[in-house]
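Tertiary structure, described
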Amino acid sequence: MSREHYLQPDSSLAGAGFLDSERFASAGTSCLPDRRSFLRCALCAGAAGTISTMAHPLDAMSLSPAAQNQDDSQFTVEARFYQKLPNRRIKCKLCPRECSVGDRERGYCGVRENRGGTYYTLVHSRVCAAHIDPIEKKPFFHYLPGTLALSLATAGCNVNCKFCQNWDISQVRPEQVPADYAPPQRVAQLATQYSCPTIAYTYSEPVIFIEYLMDTADAGHAAGIRSIVVSNGYIQDEALRAAYGKMDAVKIDLKSFSESYYRQVVCGQLKPVLDSIVTLHKTGKWLEIVYLVVPTLNDGDAEFRGLAQWVRNNVGADVPLHFSQFHPEYLLKNLPITPVPTLERAKQIADAEGLHYVYIGNVPGHPAESTYCPKCGHILVQRMGLEVTQMLIRKGTCPYCGQLIPGVWHV
Amino acid sequence: MRQEPITGRRRFLKNCLASAVAVAAGDGISHSAAGAQNLPLIRSRVVIAQDPQLRGSDSTVDSQRMLSLLDRTMETLLRVSRPDEAWKKIVRPGQMVGLKVNALGGRGFSGSPRLAEAICERLQQAGIRAADIVIWDRDTDELERAGFHVCIAGNRVQCFGTDRMGYEDDLATWGSVGSRLSKILTQRCDVLINVPVLKDHDGAGVTIALKNMYGTIHNPNKYHPNGCDPYIADVNMLPEIRSRMRLSICDATTACYEGGPAYKPQYSWQPNALLASQDPVALDTTGWQMIERKRAEEGLKALEAEERAPRYLATAADPQHRLGINDPQRIERVETDLA
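Note that the structure is predicted; figures quoted are calculated from it, not measured. (Residues numbered from 1 in each chain as written. Chains lettered and ligands numbered in written order. Predicted model: local features only at pLDDT ≥ 70, side-chain atom pairs only at ≥ 80, totals over all residues. Heavy atoms only, no water.)

What follows is about the overall build of chain A. What chain A contains, in helices and strands, is 11 helices and 19 strands. Counting only residues that meet the buried cut, chain A has 61% of its 411 residues in that class. Pairs at least 24 apart in sequence give 69% of the contacts found in chain A among residues at least 6 apart. Carbon and sulfur atoms make up 52% of the accessible area of chain A, which totals about 15,000 Å². (Helix = DSSP H or I, 4+ residues; strand = E, 2+ residues; numbered from the N terminus. Buried < 20%, exposed > 50% of the residue type's maximum accessible area, 1.4 Å probe, protein only. Contact = heavy atoms within 4.5 Å. Areas by Shrake-Rupley, 256 points an atom, 1.4 Å probe, with all protein chains shown as cover.)

So, about the interface of chain B and chain A. Facing the 23 residues of chain B at the interface are 25 residues of chain A. Between chain B and chain A lies a buried interface of about 1,800 Å² when both sides are counted; carbon and sulfur atoms form 44% of it. The largest contributions to the chain B side of the interface with chain A come from B:His218, B:Asn221 and B:Lys222, which together make up 32% of the buried area. Across the contact surface, chain B and chain A share 1 salt bridge. (Buried area = accessible area lost by both parts, 1.4 Å probe. Salt bridge = Lys/Arg side-chain N within 4 Å of Asp/Glu carboxyl O.)

Our focus in this paragraph is the side chain of B:Asp251. Residue and element names in this part refer to chain B. Note that Asp-251 resides in strand 10 (residues 245-256). Buried and unpaired, Asp-251 has no salt bridge, with Arg-55 as the nearest side chain of opposite charge at 6.7 Å. Side-chain polar atoms of Asp-251 contact the backbone nitrogen of Ser-112, separated by 2.5 Å. Residue contacts for Asp-251: discarding those within four places in its chain leaves Gly-111, Ser-112, Leu-115, Pro-196, Val-197, Leu-198, Ala-273 and Leu-274. (Lys, Arg positive; Asp, Glu negative; His and termini not counted. Polar contact = N/O pair within 3.5 Å; in protein donor to acceptor, adjacent residues only side chain to side chain.)

The next point concerns the sheet that holds strand 19 (residues 387-391) of chain A. Residues and elements named next belong to chain A. What the 3 strands build is an open sheet, ordered 17-18-19; its pairing is antiparallel. Each edge of the open sheet carries a strand with a single partner, namely strand 17 (371-372) and strand 19. The pairing of strand 18 (residues 379-384) with strand 19 spans 4 bridges and is classified as antiparallel. If you follow Met-384 over to strand 19, its bridge partner there is Glu-387. (Pairing = 2+ DSSP bridges.)

Our focus in this paragraph is the confidence of the model for chain A. Residue and element names in this part refer to chain A. Here chain A averages 87 in pLDDT, while 83% of its residues score no lower than 70. pLDDT under 50 marks residues 8-60. Its contacts with residues more than four places away, or in other chains, come to 69 contacts. Contacts of residues 64-69 to residues separated by more than four positions or lying in other chains number 4 contacts, the stretch itself having pLDDT below 50. (pLDDT = per-residue confidence, 0-100.)

Here's what the structure looks like:
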């Protein structure tokens, strides 16, 4: 599940403003001590809020010509990646959980159902959240910075993170949330119409709407629109290669570097996620990694160090690593917001381990939101919140020293 | 001899204490189960009432015989001589009563509408208004497919699914569970009567009374790993459920000993029975024994040998949950035959 909040059409402005004020409070004590900086940050956050309000909710985009009285059958398509078993049972081969599902039952994700021995996805083209977001919100920092992404999600998720901020769409069955019919061609058409160079599969967990993701990516590519995905990476190898092979960039939420955390807080496993990251890197997809720092649960120095070493040794020092701030949500409302010094400590450790692009996320105005040249140290992409305020990279290199800066910088 | 009064007084106090606990526990089911685990005096009563002639010539359940079977079940369970006396121990006039049935199996293998009708008849005789009774499960269409007559208005007994009212916005949490609860439970039920069916379950081992509460939450799919343990126990610990639960009446007119929870005719049999208890753990333990006996008759392995014994029953009975008793030695099993 993404840490990126899906904005309800009727509450996006209020939601963004509330969160931003909390972030200022945290940031102000650490990196923005003076009034000028505070006001600058507030202005920036206001701009970010404005961008969010520019986001077109599904209704405004008229994804579906007739949203009322949608027939469930139009969302129901035979699933890929499953195996038929005797007695009308099936085994799902989509994620490492490998749910064994009896007739008339659903898998752990809640969006796939066995009907008479055939497994169906119930969420094809069943979009419950859709917005136009800055790509920085995903976050992608080295992929088409400053552009907009047509972002969408269906209900459901294959894990159950106790900190999920989108749990009201990720931890429900599709029939429990309002949704619109948005077939792939319509999504591609809207992305073109609203000048979005990318379609982003995000908010809930794209693994569980993989058929829709694959079909939409094809439709997008046919229309010249790229596809990017924000995923937990908890997926089997065959499905990963088939589906994310169609993606132009992938962001993986690596939720911890500990199996016990994955078991207790995420309800999943770490090892398959690490395997996915390595596979994606080998296939040459643009890859970024986000690590949500949850106070007391995954914020130890040893864990940060182990993570940074693993990233350096397995996918290289050039893969961007984002340390994001946690906000109390869902089943972890008892924990505080991650202190900014904790995020800075994580960054220091990762920097010391030799990673070149380590960012701090969810703290608008923090200097570590920006991209710096690892060779000469000049700022190359300056960000404030979700806005790119300065973009100096030319032809993928640092204008000061000529250092190659990995990423996809221009459409 | 001089020591005798001291010994007697000590024994007297001990007995008083035990009796007090027994009284407190015996008067209500979930209460009885709660506190009872370490007290050998406490037993939970489970009634198994059978009627070989329950079905008419067309093999459908006969309404009048079902009513008689229900009456026998309740009189035996609550040790009274008339059904209205029994029901007055469960409900009070003015209360809203919900019958949580299980309609997942379709017409072949859901709770019998005849049983629900019989319960509703007796509830009304006990002073509950028809409109204050709701027969419900997760989905209205599933209820219809199972043979229930949907009714969402008027002065009749109501019958509809949570899809008509939705789930609460706020999460209810206990232990490993965080779920939205059906608004039918939270807004339409002062008293909950659990009306499950008797089924084998590929993951949990068996699904009877405790697991039937999965139909009250919005995210049951999240709670099937590890044989549903500890999730089934934790769901039943949610205060909104535990505080309303008064009685479980398991519809064992048709039951399933293999291949569940979906209906597979080749693995079903017709015990023509009702199981009832105020202790859902004791009821499930007894139902599990019935399924194991049938499996043995059919030459199938025990659930334990298939590594799917219902471990959640021990969890439900442990000191953290105290939902009831799972020790067969402490379950008073009363069998009665209408024939």
